[in-house]
Structure formats: structure tokens, C-alpha cells
Amino acid sequence: MRTQVCIIGGGPSGLLLSHLLHRAGVDTVVLERHSRAHVLSRIRAGVLEWGSVGLLDQAGVGARMHREGFVHTGTLIAARNRPIRIDFEALTGSRVMVYGQTEVTHDLYDARDAMGGVIVTGAEGVTLHGLPDAPFVTYVKDGTEHRIDCDYIAGCDGFHGASRATMPASLLKTFEKVYPFGWLGVLSETPPVSHELIYANHDRGFALCSMRNAHLSRYYLQVPTGDRVDQWSDAAFWDELKRRIPHEAADTIITGPSIEKSIAPLRSFVAEPMRWGRLFLVGDAAHIVPPTGAKGLNLAVSDVHYLSRALISHYTDNADDLIEGYSETALARVWKAIRFSWSMTTLLHRFPDQTDFDQHIQNSEIDYLEHSTAARTVLAENYVGLPF
Ligand code: APR
Ligand code: PHB
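Residues numbered from 1 in each chain as written. Chains lettered and ligands numbered in written order. Predicted model: local features only at pLDDT ≥ 70, side-chain atom pairs only at ≥ 80, totals over all residues. Heavy atoms only, no water.

1. Describing the overall build of the protein chain
Phase 1: On a plain count of helices and strands, the protein chain comes out with 13 helices and 19 strands.
Phase 2: Over its C-alpha trace the protein chain gives a radius of gyration of 21 Å, about what one expects of a compact globule, namely 21 Å for 388 residues.
Phase 3: Structurally, the protein chain occupies a C-alpha span of about 60 × 40 × 40 Å along its principal axes.
Phase 4: Out of the 388 residues in the protein chain, the part that is buried amounts to 55%.
Phase 5: Partitioning the intrachain contacts of the protein chain with sequence separation of at least 6 by distance along the chain shows that 71% fall at a separation of at least 24.
Phase 6: Summed over its atoms, the accessible surface of the protein chain is roughly 16,100 Å², and 53% of this surface lies on carbon and sulfur atoms.
Phase 7: Charge-centre separation for the protein chain: the mean point of 36 positive side chains lies 1 Å from the mean point of 45 negative side chains. (Helix = DSSP H or I, 4+ residues; strand = E, 2+ residues; numbered from the N terminus. Rg over C-alpha atoms; globule rule 2.2 N^0.38 Å. Buried < 20%, exposed > 50% of the residue type's maximum accessible area, 1.4 Å probe, protein only. Contact = heavy atoms within 4.5 Å. Areas by Shrake-Rupley, 256 points an atom, 1.4 Å probe, with all protein chains shown as cover. Lys, Arg positive; Asp, Glu negative; His and termini not counted. Charge placed at Lys NZ, Arg CZ, Asp CG, Glu CD.)

Below is the structure:
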């Protein structure tokens, strides 16, 4: 098989990239290791920057998002039972869209099918060959080996994918920070406790109240590294959550059985450069953020914005300046989101080794947020998303 761009990974970044390229007349093949059902079974964050909303609209996949998503013009940061509202609209003129990543992925798969996009699921042993300048890809499907010759490879295969692992160690530089706690997440078929998200800083640890829709709520608790899901009964989860969120929310929350319960580790990770010859790294293949700032999916969309523009410019205008500049341009925005996610994580969590001095710094930062429009504007403009 031959194609112009071979895309490894059928998650949000791989699907959005293939759709944007296909709409511009660029031929792609997506190779996904798992089944579509497996990809769609993943529970992930659900906050879209307004720039991500715009790119999904540009890709023609925004209709259901606008019908079923929820526009949020602010969020609540609570500490010592005092909620501080961050008014995105007033501070930045922008907003976010609350719409689950699973739904975005659903919409992308539907759009790819409608356009006859080529997506190979169950592609095993994907291997990248001929880099940096003469790439081809091999994979095994139902026991048969296949080869795809291509002009470019987009590594949209996530943190554990094959693409970053193919880059020479002499070229690749990685930067990592592992946080000393995890997030225990619960999905429950209950109405959200609040119309807006509540990020709660508490002596017992961080808690987050979020939602998927008017009948599906998503809650998180900071838990020590090493905690296992089977240590947390639903009752224990709800009791702890009520201790950490503002009293009014704790008094009104409607609890119910968890339909999903899992613990995610928190880390910040960046791999540089995001390009090696004709291989490009995109999304989680190149960077990981702690979920505190809801930047994971949005950074994947950001990379897709830059790479789709670069490849379309190559094929349409025979211009390669955007390809040459992809890694530097993408990383400039990645690091700002990495910084924001780190700052939100340090602002809101209790660290096992923190000192009294650290706690005073955190308290003063919350107070600064409460009393300074400039401080709230900084948080707001990063949360709604910096310009591409
Ligand atoms: N061969 C083929 N497919 C692979 C391989 C491989 N060797 N390794 C991983 N994949 C697939 C995974 O099965 C997954 O469907 O690549 C896809 C990568 O998707 P994501 O991990 O979702 O990464 P990305 O598309 O960059 O989206 C980033 O998704 O998972 C969230 O937290 C993440 O919000 C972030 C967003
Ligand atoms: C979620 O709804 O899963 C969610 C929302 C905001 C975050 C993290 C997760 O910062």
C-alpha cells in the first residue's frame, strides 16, 4: 500500500489529523493497535479550549459538540471553604466547552467513516523503517504482514507508542516530573453538584467536581501514590469527597454507585524534538500533562493544528517552512501548557514532603487569586487556551 501520510494511532490526534488532511486532499492511512470499541471505552477529561472547538468546527465534526456540549464561562477554585470564581468571559472574552473526549473520538470516527477514511484497527507490531528520509511502515493484521510506503509518518500513538521509541537516543531529549500522588476518578449517573467545575484545595488533599452531562458526573480525589482502586469503596469515596469540597456542595451533592472507578498517576513529560526527518510526534507521543489543567486533549489538538497546516502547505503550495518549523512552534505552546498544568497542580494539591513555608506560599497564591484581577486573568487565559 502507498499513502502520502501514514498516521500511527487512532486516538483523538490521529483521527483529527487524518480528517483535516483528507479534507485538504492529502491521502492518509491510520494504523490503530486496538479495536475501535477499545479506543472508545477510554474515560478521559472533558474540557475543550475554545481553540480546540474552532479546529473541530473547521474539521466539520463540531455539530454534536455544539448540540450536546456545555459552554462554561467560568470555573471555581475553592480553598478553606471559600470558592473563588474565575470568570473566563469577563477576564478573557473566551470560554471552554465541556464535552467528553470519548464523544470527540466518536464524532471523529463517524466523520472518517463518512468520508471513507482508511483506518486499520488491530494493526499489530507497527514498525517504522527507513527514517529519517525514506520512511515506510510495516504491521501485522490477522497474521499477515503489510507494508505501507509513505512520504511522512505522524506518530500519534500516545505515550507508550512506537514512534518516539524509534527516534535515536542521541537526538531525543526528555524532560519529566512525576508527582507524588495520583487521582482517583469516579463516574456516576448522578446530576452534577454544580453547573461549573469545582477545583478544591483542602488540607486532606485535592478534589475536583466535574461532569459529562446533566445526568453524568465525574469526580476526582487526590490519593497517595500506591493506593489501589479496590481500597476505595464508593461510600469511602463519597465521604472523603464531601470532606474536601465546599460545605454547600457537600450538603447538596447527589451520590450514587460508580459506573467507572480508576486511579491515574500524574506526571509532566516532554520529548524534544517533535520531529526527526519525515517523522513527526503528535500529542501524548510527545508530551504528557497532569490532568489538573485539562490540557491533554487540547495539546494534542494544538499539535494537529500545526502539523496539518505544515503538511497541507507542503502538498498544496510545495512550501516546507512550516514543516521545518513544526517542532519549535509546537513545543513553544506545549511548554506553556506544561507550565500551566504544573502551576495548577502545585496550587491545588498537598505534597507529602511540603514544608510549612510551602503551605504559606500556596495559601498566599490562593489569596492573591481571590484579590487580584491580574492573577485571575493569568489563570483564565491559560485555562481557556493561549492562541495557536
Ligand atoms: N501501534 C498502533 N497504535 C498504537 C500504538 C502502536 N504501537 N501504540 C499506541 N497506539 C494507539 C493507542 O491504542 C491509542 O488509541 O495510539 C492511540 C494514541 O491515542 P492517545 O493515547 O489518546 O493519544 P492522543 O491521540 O495523542 O490523544 C491525547 O488522549 O488519552 C488521552 O490523555 C490523553 O487527553 C490526551 C489525549
Ligand atoms: C474531567 O471532567 O474529567 C476533568 C475536567 C477538568 C480537569 C480534569 C478532568 O482539569
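After presenting the structure, the write-up continues.
2. A short note on the packing of helix α10 (residues 296-317) against helix α11 (residues 321-348)
Phase 1: At a minimum axis distance of 9 Å, the contact between α10 and α11 shows a crossing angle of 170 degrees. Taken as axis vectors, α10 and α11 run roughly antiparallel relative to one another. For α10 against α11, the interelement crossing comes out right-handed. Contacts between α10 and α11 involve Asn298, Leu299, Ser302, Asp303, Tyr306, Leu307, Arg309, Ala310, Leu311, Ser313 and His314 from the first element and Asp321, Leu322, Ile323, Tyr326, Thr329, Ala330, Arg333, Val334 and Ala337 from the second.
Phase 2: Taken together, the residues that form the contact of α10 with α11 break down as 11 nonpolar, five polar and four charged. (Axes fitted to C-alpha atoms, helices over the stretch in contact; angles between N-to-C directions. Parallel < 35°, antiparallel > 145°, perpendicular 65-115°, else oblique. Left-handed = near helix turned anticlockwise from the far one by under 90°. Nonpolar A, V, L, I, M, F, W, Y, C, P; charged D, E, K, R; others polar.)

3. Considering the site of ligand 1
Phase 1: Lining the immediate surroundings of ligand 1 are 24 residues, of which Ser13, Glu32, Arg42, Arg44 and Gln101 lie closest.
Phase 2: Between ligand 1 and the protein, one listed contact pairs an oxygen atom with a side-chain N or O atom of arginine 44 at 2.7 Å.
Phase 3: Separating a nitrogen atom of ligand 1 from a backbone N or O atom of aspartate 157 is a distance of 3.5 Å.
Phase 4: For ligand 1, whose free accessible area comes to 700 Å², the fraction covered by protein is 90%.
Phase 5: At the level of secondary structure, the elements contributing two or more residues to the shell around ligand 1 comprise α1 (12-23), β2 (28-32) and α10. (Near = heavy atom within 4 Å. Polar contact = N/O pair within 3.5 Å; in protein donor to acceptor, adjacent residues only side chain to side chain.)

4. A closer look at the pattern of salt bridges
Phase 1: This model, assessed by the stated rule, comprises 23 salt bridges.
Phase 2: Where glutamate 240 meets arginine 243, a salt bridge forms, and the shortest distance between an N and an O atom there is 3.2 Å. Taken together, the positions of glutamate 240 and arginine 243, both in helix α8 (residues 234-244) and three residues apart, correspond to about one turn of that helix.
Phase 3: The exposure class assigned to arginine 243 is partly exposed, which follows from its relative accessible area of 46%.
Phase 4: Each member of the salt-bridge network shares a partner with another, and the members are Arg64, Glu68, Glu103 and Asp107. (Salt bridge = Lys/Arg side-chain N within 4 Å of Asp/Glu carboxyl O.)

5. Some thoughts on the packing of aromatic side chains
Phase 1: A complete count under the given rule lists 16 aromatic pairs for this structure.
Phase 2: Their ring planes at 15 degrees and their centres at 5.1 Å tell us that phenylalanine 88 and tyrosine 383 sit as a pair that is stacked. Placement of the pair is phenylalanine 88 in helix α5 (residues 88-92) and tyrosine 383 in helix α13 (residues 373-384), with a sequence separation of 295 residues.
Phase 3: Among the residues examined, phenylalanine 88 registers a relative accessible area of 0% and is labelled buried. (Phe/Tyr/Trp six-rings, centres within 6.5 Å; stacked < 30°, edge-to-face > 60°.)

6. Quick word on the state of the cysteines
Phase 1: Throughout the structure, instances matching the rule amount to zero disulfides.
Phase 2: Lacking any disulfide linkage, cysteine 150 is separated from the closest cysteine sulfur, that of cysteine 6, by 5.0 Å.
Phase 3: The class of cysteine 150 is buried, set by a relative accessible area of 5%. (Disulfide = S-S within 2.5 Å.)

7. What about the site of ligand 2?
Phase 1: Inspection of the region around ligand 2 gives 14 residues, with Tyr199, Ser210, Arg212, Tyr220 and Pro291 positioned closest.
Phase 2: A distance of 2.8 Å separates an oxygen atom of ligand 2 from a polar side-chain atom of arginine 212.
Phase 3: One nitrogen or oxygen atom from the side chain of tyrosine 220 is found 2.6 Å from an oxygen atom belonging to ligand 2.
Phase 4: It is strand β14 (residues 207-213) that contributes the most residues to the shell around ligand 2, three residues altogether.

8. Here's the deal with the nonpolar core
Phase 1: Formed by 72 residues in total, the largest nonpolar core has its most connected members in Leu16, Leu31 and Leu48.
Phase 2: Among the elements that line this core, the one with the most residues is α10, at eight residues.
Phase 3: Beyond its immediate sequence surroundings of up to four residues, leucine 48 is in contact with Val53, Leu56, Met65, Val96, Met97, Tyr99, Val104, Leu297 and Asn298.
Phase 4: Ranked by size, the runner-up nonpolar core spans 31 residues in total, among them Trp183, Met211, Ile366 and Val384. (Core = buried A, V, L, I, M, F, W, Y, C linked by side-chain atoms within 4.5 Å.)

9. Notes on the pairing of strand β6 (residues 82-87)
Phase 1: Where strand β5 (residues 74-79) and β6 come together, six bridges link them in antiparallel fashion. Across the sheet, residue alanine 78 finds its bridge partner in β6, namely proline 83.
Phase 2: Connecting β5 to the antiparallel partner β6 that follows it, the hairpin turn spans two residues, and arginine 80 within it adopts a positive phi of roughly 50 degrees. (Pairing = 2+ DSSP bridges.)

10. Describing the sheet that holds strand β7 (residues 96-98)
Phase 1: Taken in spatial order, the three strands line up as β3-β7-β4 in an open sheet, and their pairing is antiparallel. This sheet does not close on itself; its edge strands, each paired only once, are β3 (47-49) and β4 (70-72). Here the average twist between neighbouring strands, direction ignored, is 30 degrees.
Phase 2: Judged from the three bridges that link them, β4 and β7 form a sheet pairing that is antiparallel. Bridge pairing in β7 links phenylalanine 70 to valine 98.

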